[in-house]
Structure formats: C-alpha cells, structure tokens
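Coordinate inspection notes
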Amino acid sequence: MREVVFDTETTGFDPDKGDRLIEIGCVELFDRLPTGRTLHLLVNPERDVPAAAVEVHGITTEMLRDKPKFREIADEFLAFIGDAPLVAHNAEFDFRFINWELRNAGKDIVSTRRMVDTLEISKRKFPGAKATLDMLCNRFGIDRSARVKHGALLDAQLLAEVYLELMGGRQSHLELVSEANETVEQIKIVRTWRAPRPHEASEEELAAHAAFLDKMKKTPLWRQA
C-alpha cells in the first residue's frame, strides 16, 4: 500500500487571517516503509514571515523571495501525492493550509477522507501521555538530534518512523527480523501428532446397554420393528 507522510511550515496558524504556507516536505511509503522518494518545496508566501515563526522553523522572508509561488508548484505537489492516503501529525492543521492554497491556485482540494492523523492515533494508543513529535521520537528511541528547528522534510522523515512504530513496528506482520535486517523468518506453529480417540463401544458396553433395555417396562421403538 502506498502512503505519503507530509509536513508543512507556515507563517502562522490561520490561513483565513492571512497566514501562508512556506514549506512542504513529503516522504513516500510503501507498506509503511520509506521508499527513498521524497519531495521538498520552499514556497514564496507573497508576504513577510513574522519573527515568531522564524524562531520555530528558521525560514526567513529573504530565504523565500526567489522561490516559486504555490500556484507554480501545485501540480508538482499533486503529482507526488497522487491518490495515496496522507499521513500527518495534527493533520487538520496541515490540510487546512494545503487546501487553502489549492483553492487559491484554482485546484481541487484534497479530501479529508484521505487524512491519517498520527496525533489522534497516538492519543488512542497512549491516553494521557504527551503526543508531540519530539515525545513520540523519545518513546520509540528515534534519533531526533538533527531537529534543532522545525523543518518540513526532516519532520516528515521522523514522522514516517513514528508512524511505523505506532502501527506495530517492523514486526507488525508477525515476522522475526534478524539484527542485520537481511533475513526474515516466518513464525511457525509446531503441533504434536496425537492418535485419534476410539469412539466405538466395546463388547462389554454393548452388552450392558442391551441388559439395560431388557429391564425397561416399555420396549423401545427401534426394538419393535
């Protein structure tokens, strides 16, 4: 099954109030494992990037001045995601920005029925626990040392690893993976052969049954024939 894990960076929290998309990172999965295909796009938001947003992701207005506008890269993004399910952390946020930009570019929006939200999955799996991407990386022992600031492609790559663990890890199909990750041995069930139990009555049992019938006051129907 093909899926796409993606993340976005923006100028703020609300596209309806003028905030815009500035970065998209996508990672292709097949059977929940990365294939190596990725997509990384920086987008000119046609506005300034606030200092508070720069503190989060480190992307400045100057870094985006010569980058394409979303309408110029919309087709490239849509071609990469195809019709695959889309995996994101707090996916509603990312879908709002993606669909706002798609509408603004005159493109069809992406159906939320394709949305797979790892935040909701983690809340169901670990109720009451913190469910940030950093905390989930810590829980599953995923190296996040390169994540000094938020970045769409790096966060999508980390989320792909988190998603695999949330869905059962590399042994989710009941397979034993060697340490070298070179051979896979299917789990086998060993059953011990046992001789069938006898079901026919012995001669003694038949004689005892006949004697019991002889003592009955009313002859059984099958003896009246």
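What comes next concerns the included structure. The shown structure was predicted, so the numbers you read here are calculated from the model rather than taken from an experiment. (Residues numbered from 1 in each chain as written. Predicted model: local features only at pLDDT ≥ 70, side-chain atom pairs only at ≥ 80, totals over all residues. Heavy atoms only, no water.)

**Notes on the packing of helix α6 (residues 133-140) against helix α7 (residues 152-166)**
With their axes 10 Å apart at the nearest point, α6 and α7 run at an angle of 50° to one another. Of the possible angle classes, the one that applies to α6 and α7 is oblique. Helix-helix and strand crossings are classified by hand; for α6 and α7 the assignment is left-handed. Contacts between α6 and α7 involve Leu 133, Leu 136, Cys 137 and Phe 140 from the former and Asp 155, Leu 158, Leu 159, Val 162, Glu 165 and Leu 166 from the latter. Of the residues belonging to the contact of α6 with α7, the class tally is eight nonpolar, no polar and two charged. (Axes fitted to C-alpha atoms, helices over the stretch in contact; angles between N-to-C directions. Helix = DSSP H or I, 4+ residues; strand = E, 2+ residues; numbered from the N terminus. Parallel < 35°, antiparallel > 145°, perpendicular 65-115°, else oblique. Left-handed = near helix turned anticlockwise from the far one by under 90°. Contact = heavy atoms within 4.5 Å. Nonpolar A, V, L, I, M, F, W, Y, C, P; charged D, E, K, R; others polar.)

**Considering helix α3 (residues 70-81)**
End to end, α3 covers 15 Å across 12 residues, agreeing with the expected 16 Å (1.5 Å per residue, within 8%). Buried within α3 we find Phe 70, Ile 73, Ala 74, Phe 77, Phe 80 and Ile 81. Taken end-on, α3 shows its buried residues confined to a sector of 140°, consistent with a single buried face. Opposite the packed face of α3, turned more than 90 degrees from it, sit the exposed residues Glu 72 and Ala 79. (Expected span 1.5 Å × (residues − 1). Buried < 20%, exposed > 50% of the residue type's maximum accessible area, 1.4 Å probe, protein only. Arc of directions from axis to C-beta.)

**Let's talk about the pattern of salt bridges**
According to the stated counting rule, one finds 13 salt bridges in the structure shown. Bridged by salt links that share partners, the residues Arg 20, Glu 46, Arg 71 and Glu 101 form one connected network. (Salt bridge = Lys/Arg side-chain N within 4 Å of Asp/Glu carboxyl O.)

**A short note on the environment of Gly 82**
Position of Gly 82 relative to the elements: it lies in the loop between α3 and β4 (86-88). A C-alpha to C-alpha distance of 9.7 Å links Gly 82 and Arg 2, two positions 80 residues apart in sequence. Not counting the four nearest positions on each side in its chain, Gly 82 is found in contact with Arg 2 and Arg 114.

**Structural notes on the side chain of Glu 28**
With respect to the helices, strands and loops of the structure, Glu 28 is situated in strand β2 (residues 21-30). Of note is the side chain of Glu 28, whose polar atom sits 2.6 Å from the side chain of Thr 35. Not counting residues within four places of it along the chain, the set of residues in contact with Glu 28 comprises Arg 2, Glu 3, Leu 33, Pro 34, Thr 35, Arg 37 and Phe 80. (Polar contact = N/O pair within 3.5 Å; in protein donor to acceptor, adjacent residues only side chain to side chain.)

**Here's the deal with unusual backbone geometry**
In this model, Asp 31 sits at a positive phi of 50°, which is unusual for a non-glycine residue. By relative accessible area, which is 46% here, Asp 31 ends up partly exposed.

**As for the packing of helix α5 (residues 118-125) against α7**
For the pair α5 and α7, interaxial distance at closest approach is 11 Å and the crossing angle is 40°. As α5 runs across α7, the sense of the crossing is left-handed. For the pair α5 and α7, the contacting residues are Thr 118, Ile 121, Ser 122 and Lys 125 in the first and Leu 159, Tyr 163, Glu 165 and Leu 166 in the second. Across the contact of α5 with α7, the residue classes tally to four nonpolar, two polar and two charged.

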